[in-house]
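Chains, contacts and geometry: an overview
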Amino acid sequence: MTTALTDRDILRELEPVAERLLNDHLRKAKAWNPHDYVPWDDGRNFAALGGIDWEPGQSKLSEVARTAMVTNLLTEDNLPSYHREISETFSLDGVWGTWVGRWTAEENRHAIVMRDYLVVTRAVDPVLLEQARMAHMTTGIAKPEKGQQFLRSVAYVTLQELATRISHRNTGTACDEPIAERMLQRIAADENLHMIFYRNISAAALDLMPNESLRAITDIVTRFQMPGLTQPNFRRNAVVLAKHGIYDLRQHLDVVVRPVLRAWNVFERTDLSGDGERARDELAAYLDELATKATRFEEQRDRVAARQAERAAVAR
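Per an unreviewed UniProt entry, the recorded name for the protein is Acyl-ACP desaturase, and the organism is Nocardia iowensis.

Right, let's talk about the overall build of the protein for a bit. Helices and strands together make up the secondary structure of the protein, namely 11 helices and 0 strands. Across the protein, helices and strands are ordered from the amino to the carboxyl terminus as α-α-α-α-α-α-α-α-α-α-α. Computed over C-alpha atoms, the radius of gyration of the protein comes to 21 Å, within 12% of the 20 Å expected from 2.2 N^0.38 for 316 residues, which places it in the range of a compact globule. Taking the principal axes of its C-alpha atoms as reference, the protein extends roughly 65 × 50 × 35 Å. If you take every contact in the protein between residues at least 6 apart in sequence, the share linking residues at least 24 apart comes to 84%. Between the mean site of the 41 positive side-chain charges and the mean site of the 46 negative ones, the protein shows a separation of 3 Å.

Take the packing of helix α7 (residues 178–208) against helix α8 (residues 210–222) next. Contact pair α7 / α8: the axes reach a minimum separation of 6 Å and the direction vectors enclose 135°. With respect to each other, α7 and α8 are oriented oblique. Mapping the contact onto sequence places A205, L206, D207 and L208 in α7 and P210, S213, L214 and I217 in α8. For the contact of α7 with α8, a count of residues per class yields 6 nonpolar, 1 polar and 1 charged.

Compared with an ideal rise of 1.5 Å per residue, which puts 14 residues at 20 Å, helix α5 (residues 126–139) spans 20 Å between its outermost C-alpha atoms and is within 8% of the ideal. Those residues of α5 lying buried are L129, A132 and H136. The buried residues of α5 occupy one face: seen down the axis, they fall within an arc of 65°. Pointing more than 90 degrees away from the buried face of α5 are the exposed residues V127 and T138. Buried residues in α5 make contact with α2 (63–77) and α4 (94–120). The opening residue of α5, the one whose side-chain oxygen lies 2.9 Å from the backbone nitrogen of V127, is D125.

Counted by the stated rule, this structure contains 9 aromatic pairs. Here W99 and F197 contribute two aromatic rings whose centre-to-centre distance is 3.7 Å and whose plane-to-plane angle is 10°, an arrangement assigned as stacked. Of the two residues, W99 is situated in helix α4 and F197 in helix α7; the sequence distance between them amounts to 98 residues. Judged by its relative accessible area of 1%, W99 is buried. Looking at F197, the relative accessible area reads 2%, which means it is buried. Linked through ring pairs, F90, W96, W99, F150, F197 and Y198 together constitute an aromatic cluster. Against the face of F46 rests R122, its NZ or CZ located 3.9 Å from the ring centre.

Parameters at a glance
Residues numbered from 1 in each chain as written. Predicted model: local features only at pLDDT ≥ 70, side-chain atom pairs only at ≥ 80, totals over all residues. Heavy atoms only, no water. Helix = DSSP H or I, 4+ residues; strand = E, 2+ residues; numbered from the N terminus. Rg over C-alpha atoms; globule rule 2.2 N^0.38 Å. Contact = heavy atoms within 4.5 Å. Lys, Arg positive; Asp, Glu negative; His and termini not counted. Charge placed at Lys NZ, Arg CZ, Asp CG, Glu CD. Axes fitted to C-alpha atoms, helices over the stretch in contact; angles between N-to-C directions. Parallel < 35°, antiparallel > 145°, perpendicular 65-115°, else oblique. Nonpolar A, V, L, I, M, F, W, Y, C, P; charged D, E, K, R; others polar. Expected span 1.5 Å × (residues − 1). Buried < 20%, exposed > 50% of the residue type's maximum accessible area, 1.4 Å probe, protein only. Arc of directions from axis to C-beta. Polar contact = N/O pair within 3.5 Å; in protein donor to acceptor, adjacent residues only side chain to side chain. Phe/Tyr/Trp six-rings, centres within 6.5 Å; stacked < 30°, edge-to-face > 60°. Lys NZ or Arg CZ within 6 Å of the ring centre and 35° of its normal.

Have a look at this one:
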């Protein structure tokens, strides 16, 4: 297969694969309703309707759980930006358009149910949440690099969907509240199916254009940023989440990046040459570097936890 394929050429070549994967997704996806995961009996009016506005003592979630829930919700809120980017990359024609519409509809449920839960249970300040939503959606997401997008896009969303799944599940555990945990497990199941679709599209692209695909994968892995990067206080909140095991470097490496690369058979492929081989070497070196950083972070986190435990023991 010639390597001089445009994005439109790739879409056309992979359309039969996309159709098969879409049908697989529709068979596996379970219908669910956001309203079934919200404890409506806990709801009451805010001051504008004669009730009481939010104050911190009303929340039953820990600070870490609130931070994680808000970070995850704001990420889901930015769906219009993601829809715009993916529709421009995949097009709205044929099976690709059907997938874009289905994916968008499924993702929209996540923001709906999370916001309803947080507002009804008064888990977070709804005014600050709305202000953050407005700021984040106004900013949107960082524009992709110029040039062909398809190979980079499918590599990115594969990693991003799996990372989001991990973050949602760990957030559910951190909430220590059965309804929130059940809700976030349901969301995580959606994210996993989305990841499978994108991962298998990427695998087909690797077979079609191994060198170009490996270069795209390496560029994405080595520069990966979560899609919530542009939301207010994201970097500070990401540190909090990493410190408390919601999503950290070790999880990113061992639960997201390495399993996906194994699924793509990256380090066993025999169809690479030239820049594809160079990209794979760069990728291997980066994974070693990331493993070192993850170990250092864990050691630092353990030292901080030990010091905090010692101070708590002395205080008692």
